[in-house]
Amino acid sequence: MIVRTSLATIGALLVGVAQACEVPVLANAHSLADGNTSSMAWRFVPPQPKIGEFFAVEFGGCAMGIPFDAATLRIDAIMPAHRHGMNFRPKLVDIGPGLYRAEGMMFHMPGLWQLSFEQRTAAGVMRLTTDIVVE
Amino acid sequence: MMPGRLFGCALAALIATSAGAQENFSTAEIRRILSHGPWPPPAVKDTGNRVSGNSDAIALGEALFFDPGLSRDGSVSCAICHVPERGWSDGRATAIGLASVDRNTPGLLNAGLNRWFGWDGASDSLWHSAVRPLLDAREMGVSPAHVARHLADDAALACRYRKTFGDPIDDDTTMVNAAKAIAAFQETLASSRTPFDDFRDALAAGRDDPAYPQPARRGLKFFIGKGDCQLCHFGPAFTNGEFHDTGIPFFIAPGRVDPGRHLGIRTLRQSPYSLLGRYNDDASGANAMATRHVELQHRNWGEFKVPTLRNLTATAPYMHNGSLATLEDVVRHYSEVSEDRLHADGEALIRPLRLSDGEISDLVAFLRTLSAPEDNKPYRPRFASRACE
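Residues numbered from 1 in each chain as written. Chains lettered and ligands numbered in written order. Predicted model: local features only at pLDDT ≥ 70, side-chain atom pairs only at ≥ 80, totals over all residues. Heavy atoms only, no water.

A. A look at the pairing of strand β9 (residues 99-105) of chain A. Residues and elements named next belong to chain A. Burial within β9 is extensive, with five of its seven residues counted as buried. In this sheet, β9 lies alongside strand β4 (residues 55-63) in antiparallel orientation, the contact comprising four bridges. Bridging across to β9, Phe59 finds its partner in Tyr100. As defined by bridge partners, strand β8 (residues 91-96) adjoins β9 across five bridges and the pair is classed as antiparallel. Among the inter-strand pairings, Leu92 is bridged to a residue of β9, identified as Ala102. (Buried < 20%, exposed > 50% of the residue type's maximum accessible area, 1.4 Å probe, protein only. Helix = DSSP H or I, 4+ residues; strand = E, 2+ residues; numbered from the N terminus. Pairing = 2+ DSSP bridges.)

In structure tokens form, the structure reads like this:
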């Protein structure tokens with residue numbers, strides 16, 4: 001299975017107050033940023049998900065200068081062209097300081113998927129997205 | 001690894017093109033064709049069924065599959081609806097057990113490859129799907145006590161049960177064990193290689209298969225191209241194993257609807273026989289990932305499982321309600337599907353393909369090459385023919 005990743009960023013809806021926050025180190029990770037105070041690292045586990053097979057996403061980052069907080073953190077994937085998401089709801093697991101693993105994800109069809117990370121903070125909502133072509 | 005694979009595909013494209021009158025396939029198309037094989041896939045044991053692949057269990061399961069004694073009045077066996085020479089389906093629009101059922105009987109070949117079972121996926125394992133008709137009043141309509149009593153009263157069955165599972169513990173466990181034995185038997189029902197598989201493997205080897213008919217090639221090209229059929233009919237089994245609204249009405253009768261996947265998920269969550277229950281033999285629970293994470297969504301209403309396209313020629317009529325009599329009817333449905341019939345809040349996936357008669361004929365020609373005639377002969381017991389000692 002070939003997975004091509006192209007990165008896109010969606011800016012935070014509200015401008016947050018910059019604080020000291022460092023994106024956790026994650027080997028072989030992709031990065032996402034909004035050019036302001038939100039940035040993150042993420043990777044698939046296994047590195048190339050297969051259609052119809054479960055995979056996880058490990059990630060960590062900063063939303064408006066504040067480390068991600070599992071309580072208001074959400075990960076999802078949709079197929080924009082087909083107007084549907086996954087058939088499975090991922091579960092977030094804390095795997096280390098500032099790092100999370102979203103388990104139970106599946107791309108059940110080939111095509112363009114949009115992976116999104118959403119963090120709600122007191123300052124607003126951060127949303128970072130990336131396009132994945134699954135063949 | 002990726003460049004090597006692409007080179008192989010390019011070579012195959014070149015050879016397919018050089019055949020002159022042959023339908024040409026691009027490198028990308030060949031890559032898609034190759035994704036539908038190889039066939040058969042490697043056999044995989046069901047970790048949730050400790051007797052998966054066990055020869056004693058298979059023999060017991062085969063005997064039980066053809067045994068009407070597992071029904072309330074002794075008239076209905078699994079094989080009444082899953083008729084071997086009909087692709088392990090029954091040829092009816094909707095099934096009839098002890099009473100009429102609302103859905104078409106799916107064939108059983110390659111059933112072991114599924115993630116979900118039944119048109120609504122209310123079962124999450126093959127053995128769970130064998131429990132369901134036993135308890136359904138319209139199908140076999142028995143209780144766990146009936147199954148346990150039948151297994152105890154029939155000396156041959158009792159012998160096979162003891163050899164497989166040891167002495168019975170309680171009625172519920174005995175019924176689940178019987179279902180696991182039936183599942184072990186069903187896992188042996190695999191479809192044979194087809195003309196498509198020969199063509200696919202020839203492309204994989206960088207050759208052409210001149211015996212593969214031109215209409216089928218044109219149909220295949222449409223299937224993996226303009227038709228986008230492989231978005232749902234994906235992989236070697238030609239199904240992504242999930243659920244979609246295909247515009248087939250889900251009204252059963254005035255005032256009665258079939259909620260499809262929406263009901264399936266709700267039923268699954270209430271079942272004591274799901275992989276989240278105590279009968280799952282995988283202590284790690286790793287095989288219950290799908291059941292743990294499946295999400296009930298509004299769009300599930302009216303969605304039904306994407307069936308395999310293998311061995312289609314024997315399993316007419318088609319769709320969840322058996323409303324389409326022939327493969328031509330099915331292709332014509334996708335050609336003319338009314339978008340008004342699709343769930344307003346559902347996926348934007350199905351659209352009328354607007355096919356010409358020639359394209360319909362080509363697509364049907366391709367679909368026919370996914371069947372192997374030898375798969376639909378009358379079945380002779382292979383495992384339970386020897387006496388149990």
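B. Region of interest: the confidence of the model for chain B. All names here are of chain B. Considering every residue of chain B, the mean pLDDT works out to 92; 93% of them sit at 70 or more. Below a pLDDT of 50 lies the segment residues 1-21, which in the model reaches 27 contacts outside its immediate sequence neighbourhood of four places, other chains included. Interface scoring of the predicted complex returns ipTM 0.89; its pTM is 0.92. (pLDDT = per-residue confidence, 0-100. Contact = heavy atoms within 4.5 Å.)

C. Broad picture of empty space enclosed by the protein. A complete count under the given rule lists two cavities of 30 Å³ or more for this structure. Taken together, Asn87 of chain A together with Glu242, Phe243, Arg261, Ile265, Val294, Glu295, Gln297, Asn300 and Glu303 of chain B make up the full set of residues lining the largest cavity. Along the lines of polarity and charge, the residues of the lining of the largest cavity split into three nonpolar, three polar and four charged. (1 Å grid on protein atoms, 1.4 Å probe; cavity = no way out; pocket = protein on both sides within 12 Å on 5 of 7 lines; lining within 4 Å. Points joined across faces, edges and corners; volume = space filled by probe spheres on them. Nonpolar A, V, L, I, M, F, W, Y, C, P; charged D, E, K, R; others polar.)

D. Summary view of the nonpolar core. Leu60, Leu64, Phe65, Trp88, Trp127 and Leu151 of chain B are the most contacted members of the largest nonpolar core, which totals 42 residues. Taken together, the elements giving at least two residues each to this core come down to α3 (55-65), α4 (78-81), α5 (126-135), α6 (144-153), α7 (155-165) and α8 (171-186) of chain B. A total of nine residues in this core trace back to one element, the largest contributor, which is α8 of chain B. Formed by 33 residues, the second largest nonpolar core is a distinct cluster that contains Phe44 and Leu115 of chain A together with Leu231 and Val306 of chain B. (Core = buried A, V, L, I, M, F, W, Y, C linked by side-chain atoms within 4.5 Å.)

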